[in-house]
Amino acid sequence: MSVTSKSEVMQQREKELGWEKSGPQPGFYKLPRKEIFAYSTVDFAMNMVFQCIMMYVTFFYTDIFGLAARDVALMFLLSRLWDAFNDPLMGTIVERLNPKSSKYRFYIISGAIPFGLAAVLTYTTPELSYFGKLLWAYVTYNFLNMMYTYIIQPYISLASIMTADPDQRTLLQSVRMMFAQAGGVVVALTIPLLSGYFAKFMPLATGYMLTTLCMAVVMVGILVYAYFNVTERIPVTSHEEKPGLREVFNQISHNKPGIIMFFLFLGVYGFITVQGTSAPYYMTYFAKRPDMVAWFAMMNVLPSVVGVPLVPFLCRTIRKRGTVMLGLAFGAIGAGMLYFATPTAIGYMLLSRGVASFGYGILMGILWSIITDPVEYADLNTGKRLTAIVMTLIGLGIKFSMTIGGVAPTLILDYVKYIPNEANQTDLSLAGIRFMASSLPCGVMVVTFIIFALFYDLSEERVADIQHKIAVRDGLIDE
C-alpha cells in the first residue's frame, strides 16, 4: 500500500470514529478529558491494593502473621527470581495474542477479580503450623504479584497506542500519577485506621483482611469502569509475527535506554518501598508513637500529589532529564534529613518525609511519561514494535525494587536481632531501624541519580527524530 493510500485510510478511520488530531504527525491524537480520567483511575485502583503490599506487608508478616524476618527476606528474594521468568513470559503472551475486544484493555477487566482475590488471600491468616503459614505466604504473595503483572504490563503499554503525541502522553501520565498517589494516601490512612477499628471487634489480623477486602471491591468496580472508557487508536500488529522469548532478549539487547529505565524504576520504587516498609517500625519503636504510624505513612505519599502536577511546567523549563534529576535530588535530601531526627522530633520527621515525598511525586509524573521513549528506540533499532515486551523492563524494575524494599529491611531486622512486638528494643535494633528508614533510601536515590545522569541520553529532539524515521519507514509519511 502506498504512503498516500495508507494516509487516506487512517484519515477516514479518524473521521468515522471522531478522533481529534493534536498535530499533523501520524498517531498524534488529542485525548478527551473523560478518557484521561478513566485511564488514570486504573492506577488509583491498583494502588489501593498494591500499596497495601508495598507499605505494610513486611510488618504484617513479622508482627501480625508471626513469620521470622529471615524467612520473609528469603521469600521476597525467591519471588523476585520467579518474576525474572514470569514477567518476560507475560510480555511475550500479551504481544502474541490479539483478543477480539482489544489488544491491551482486555487484561484490565479479565484480571480485576483475580487480583482483588489475591490481595484478600495475602492478608488472610489461617490457623496453620509455622511451615503451613510460610507456605501460605509463598503461594498467596506470588499469586498477587503474578496478577499484578497480568494487569500492569498491558496497562502501561496501553498509553503508547492511545496517542503518539509526547505532550499528550505527558499530560496523561501526570494526571494518572496524581490518581496513583491519591490511591497511596487512601492506603496509608485506611490500613492502620480501619484495621484498628475492626480490631475492636475481632483479631487485628482479621481486621487487616477485611480492610483489604473493602479496597479490593472498590478496585474491581473502578477497573470495569475504565475498561469501557479508554480507546486504543494506533494499530498493533505484533500478534501477526508471534514473538517468542528470543524476541525478549533481542529487544532488551538493542535498547540501552530501556536498560537505564529499568535501573531508574528499580531505584525509585526501591526508595519508596523502603520508606513504606520502614515506617511502621520507625514510628512504633524508634519514636515510640504507634498512634502516628498512619500519619507518618500518609506523609510518605500525600506531598507527592503536589509534585505530580508540576511536571509539565518543569519539563518545559528544565526538560525531562532535568526533571528526573530534580526529583531524585529531593528524594535523597528528604530521606537524609530523617537520619538527624531525635525520637521526640515528630514534626521534623513528618517534614523530612514530606520533602522526600514531594520528590517522589515529581518522579512519578515524569517517569511514566518517558517510558514509551525506549519503545520508540527499540522499534527503530529492531524493526518491530513490541511494547509489552519492552515494558517488561519497567515491570521487572518495579518488582525487583521489592528486593530492595522487602529483602534489605528484613535482613537488617534479622541482623540487629529485632524482636517483634517488644516495646523496648535494644540500641542495636533501634540503630538498624533508623538506618533502614533514612540512610538506606537516601543511598538508593544517590546511586540512581548517578546512573541516570551518566547514561540516559534520550532527549526530546532525539525522540522526535526517531518517531519521524519510524513513520517514514512504515510508509506513513514521505521522507
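Up top you'll find the structure we're talking about.
A brief look at the structure comes next. Being a predicted model, the structure only gives us computed values, none of them experimental. (Residues numbered from 1 in each chain as written. Predicted model: local features only at pLDDT ≥ 70, side-chain atom pairs only at ≥ 80, totals over all residues. Heavy atoms only, no water.)

1. Concerning the overall build of the protein chain
Turning to step 1, where the next piece is worked out: A count of helices and strands for the protein chain gives 20 helices and zero strands.
Turning to step 2, where the next piece is worked out: With the C-alpha coordinates aligned to their principal axes, the bounding extent of the protein chain is approximately 75 × 45 × 40 Å.
Turning to step 3, where the next piece is worked out: Put simply, the protein chain has 479 residues, and 58% of those count as buried.
Turning to step 4, where the next piece is worked out: In the protein chain, once contacts between residues fewer than 6 apart in sequence are set aside, the share between residues at least 24 apart is 84%.
Turning to step 5, where the next piece is worked out: Positive and negative charge centroids in the protein chain, built from 36 and 32 side chains respectively, lie 3 Å apart. (Helix = DSSP H or I, 4+ residues; strand = E, 2+ residues; numbered from the N terminus. Buried < 20%, exposed > 50% of the residue type's maximum accessible area, 1.4 Å probe, protein only. Contact = heavy atoms within 4.5 Å. Lys, Arg positive; Asp, Glu negative; His and termini not counted. Charge placed at Lys NZ, Arg CZ, Asp CG, Glu CD.)

2. Concerning the packing of aromatic side chains
Turning to step 1, where the next piece is worked out: Using the criterion set out here, one finds 29 aromatic pairs in the structure.
Turning to step 2, where the next piece is worked out: Aromatic side chains Tyr107 and Tyr150 sit 5.3 Å apart centroid to centroid with 70° between the ring planes, which places their arrangement in the edge-to-face category. Here Tyr107 is found in helix α4 (residues 105–110), whereas its partner Tyr150 is found in helix α6 (residues 130–158), with 43 residues between them in sequence.
Turning to step 3, where the next piece is worked out: Arranged with centres 5.3 Å apart and planes meeting at 70°, the rings of Tyr197 and Phe201 form a pair that is edge-to-face.
Turning to step 4, where the next piece is worked out: In this structure Tyr197 comes out as partly exposed when scored by relative accessible area, which is 41%.
Turning to step 5, where the next piece is worked out: Pairwise contacts between aromatic rings join Phe60, Tyr61, Phe65, Tyr123 and Tyr208 into one cluster.
Turning to step 6, where the next piece is worked out: Taking the ring centre of Tyr29 as reference, the NZ or CZ of Lys21 above it sits at 5.1 Å.
Turning to step 7, where the next piece is worked out: The ring of Tyr227 has Arg105 lying over it, and the distance from NZ or CZ to the ring centre is 4.6 Å. (Phe/Tyr/Trp six-rings, centres within 6.5 Å; stacked < 30°, edge-to-face > 60°. Lys NZ or Arg CZ within 6 Å of the ring centre and 35° of its normal.)

3. Quick word on a nonpolar patch on the surface
Turning to step 1, where the next piece is worked out: Residues Leu74, Leu77, Leu78 and Leu81 make up a contiguous nonpolar surface patch of roughly 350 Å² in combined accessible area.
Turning to step 2, where the next piece is worked out: Relative accessible area serves as the criterion here: at 39%, Leu78 is assigned to the partly exposed category. (Patch = residues over 30% accessible without salt bridge, like charges linked within 9 Å, V, L, I, M, F, W, Y side chains within 5 Å. Areas by Shrake-Rupley, 256 points an atom, 1.4 Å probe, with all protein chains shown as cover. Salt bridge = Lys/Arg side-chain N within 4 Å of Asp/Glu carboxyl O.)

4. Looking at the packing of helix α17 (residues 387–415) against helix α18 (residues 427–437)
Turning to step 1, where the next piece is worked out: Contact geometry of α17 with α18 gives a least axis separation of 9 Å together with a crossing angle of 165°. The orientation of α17 with respect to α18, classified from their angle, is roughly antiparallel. Handedness of the α17/α18 crossing: right-handed. In contact with Pro409, Ile412, Leu413 and Tyr415 of α17, α18 contributes Leu428, Gly432, Ile433, Phe435 and Met436. (Axes fitted to C-alpha atoms, helices over the stretch in contact; angles between N-to-C directions. Parallel < 35°, antiparallel > 145°, perpendicular 65-115°, else oblique. Left-handed = near helix turned anticlockwise from the far one by under 90°.)

5. Overview of helix α16 (residues 373–382)
Turning to step 1, where the next piece is worked out: Within α16, eight of the ten residues are buried, which leaves the element mostly enclosed by the surrounding structure.
Turning to step 2, where the next piece is worked out: The set of residues buried in α16 consists of Asp373, Pro374, Val375, Glu376, Tyr377, Ala378, Asp379 and Thr382.
Turning to step 3, where the next piece is worked out: Of the residues trailing α16, Gly383 is marked for its positive phi of about 80°.

6. Notes on unusual backbone geometry
Turning to step 1, where the next piece is worked out: The backbone of Lys417 sits at a positive phi, close to 60°, despite the residue not being glycine.
Turning to step 2, where the next piece is worked out: Its location among the elements puts Lys417 in the loop between α17 and α18.
Turning to step 3, where the next piece is worked out: With a phi angle near 65°, Asn421 is a residue other than glycine that sits in the positive phi range.
Turning to step 4, where the next piece is worked out: By the element assignment, Asn421 lies in the loop between α17 and α18.
Turning to step 5, where the next piece is worked out: Given a relative accessible area of 55%, Asn421 falls into the exposed group.

7. A few points about empty space enclosed by the protein
Turning to step 1, where the next piece is worked out: One pass over the full model with this rule turns up three cavities of 30 Å³ or more.
Turning to step 2, where the next piece is worked out: Of the pockets and cavities examined, the largest cavity occupies roughly 120 Å³.
Turning to step 3, where the next piece is worked out: If you go around the largest cavity, you meet 16 residues; those closest to its centre are Asp43, Asn47, Gln51, Tyr148 and Tyr269.
Turning to step 4, where the next piece is worked out: Taken together, the elements giving at least two residues each to the lining of the largest cavity come down to α2 (33–64), α6, α7 (166–198) and α15 (346–370).
Turning to step 5, where the next piece is worked out: The element that contributes the greatest number of residues to the lining of the largest cavity is α2, accounting for five residues. (1 Å grid on protein atoms, 1.4 Å probe; cavity = no way out; pocket = protein on both sides within 12 Å on 5 of 7 lines; lining within 4 Å. Points joined across faces, edges and corners; volume = space filled by probe spheres on them.)

8. A look at the pattern of salt bridges
Turning to step 1, where the next piece is worked out: Counting across every chain of the model gives 13 salt bridges.
Turning to step 2, where the next piece is worked out: Across the pair Arg70 and Asp414 runs a salt bridge whose closest N-O atoms are separated by 3.2 Å. You can see Arg70 sitting in helix α3 (residues 69–96) and its partner Asp414 sitting in helix α17, a full 344 residues away along the chain.
Turning to step 3, where the next piece is worked out: We classify Asp414 as partly exposed; its relative accessible area is 25%.

9. Description of the layout of surface pockets
Turning to step 1, where the next piece is worked out: Taken as a whole, the second largest pocket spans an internal volume of roughly 330 Å³.
Turning to step 2, where the next piece is worked out: In this structure, the second largest pocket is lined by 18 residues; those nearest its centre are Phe59, Tyr208, Thr284, Pro290 and Val293.
Turning to step 3, where the next piece is worked out: Sorting the residues of the lining of the second largest pocket by element identifies α2, α7, α8 (204–227), α11 (256–286) and α12 (293–298) as the ones contributing at least two each.
Turning to step 4, where the next piece is worked out: For the lining of the second largest pocket, the residue count by class is twelve nonpolar, four polar and two charged. (Nonpolar A, V, L, I, M, F, W, Y, C, P; charged D, E, K, R; others polar.)

10. Quick look at the packing of α11 against helix α14 (residues 311–338)
Turning to step 1, where the next piece is worked out: At a closest axis distance of 12 Å, the pairing of α11 and α14 adopts a crossing angle of 25°. Between α11 and α14, the angle is such that the two are roughly parallel. Note on packing geometry: the crossing formed by α11 with α14 is left-handed. Only Val324, Leu328, Gly331, Ala335 and Leu338 of α14 make contact with α11, whose side of the interface consists of Leu264, Val268, Phe271, Gln275 and Tyr282.

11. Comments concerning the side chain of Ser401
Turning to step 1, where the next piece is worked out: Structurally, Ser401 is set in helix α17.
Turning to step 2, where the next piece is worked out: Discounting residues that sit within four places of it in the chain, Ser401 has contacts with Phe265, Leu266, Tyr269, Gly270 and Thr273.

12. Remarks on the environment of Gln467
Turning to step 1, where the next piece is worked out: Residue position: Gln467 is located in helix α20 (residues 460–473).
Turning to step 2, where the next piece is worked out: With a relative accessible area of 14%, Gln467 lands in the buried category.
Turning to step 3, where the next piece is worked out: Separated by 441 residues in sequence, Gln467 and Pro26 place their C-alpha atoms 9.2 Å apart.
Turning to step 4, where the next piece is worked out: With sequence-adjacent residues up to four places away left out, Gln467 is seen in contact with Phe28, Ala164, Pro166, Arg169 and Glu376.

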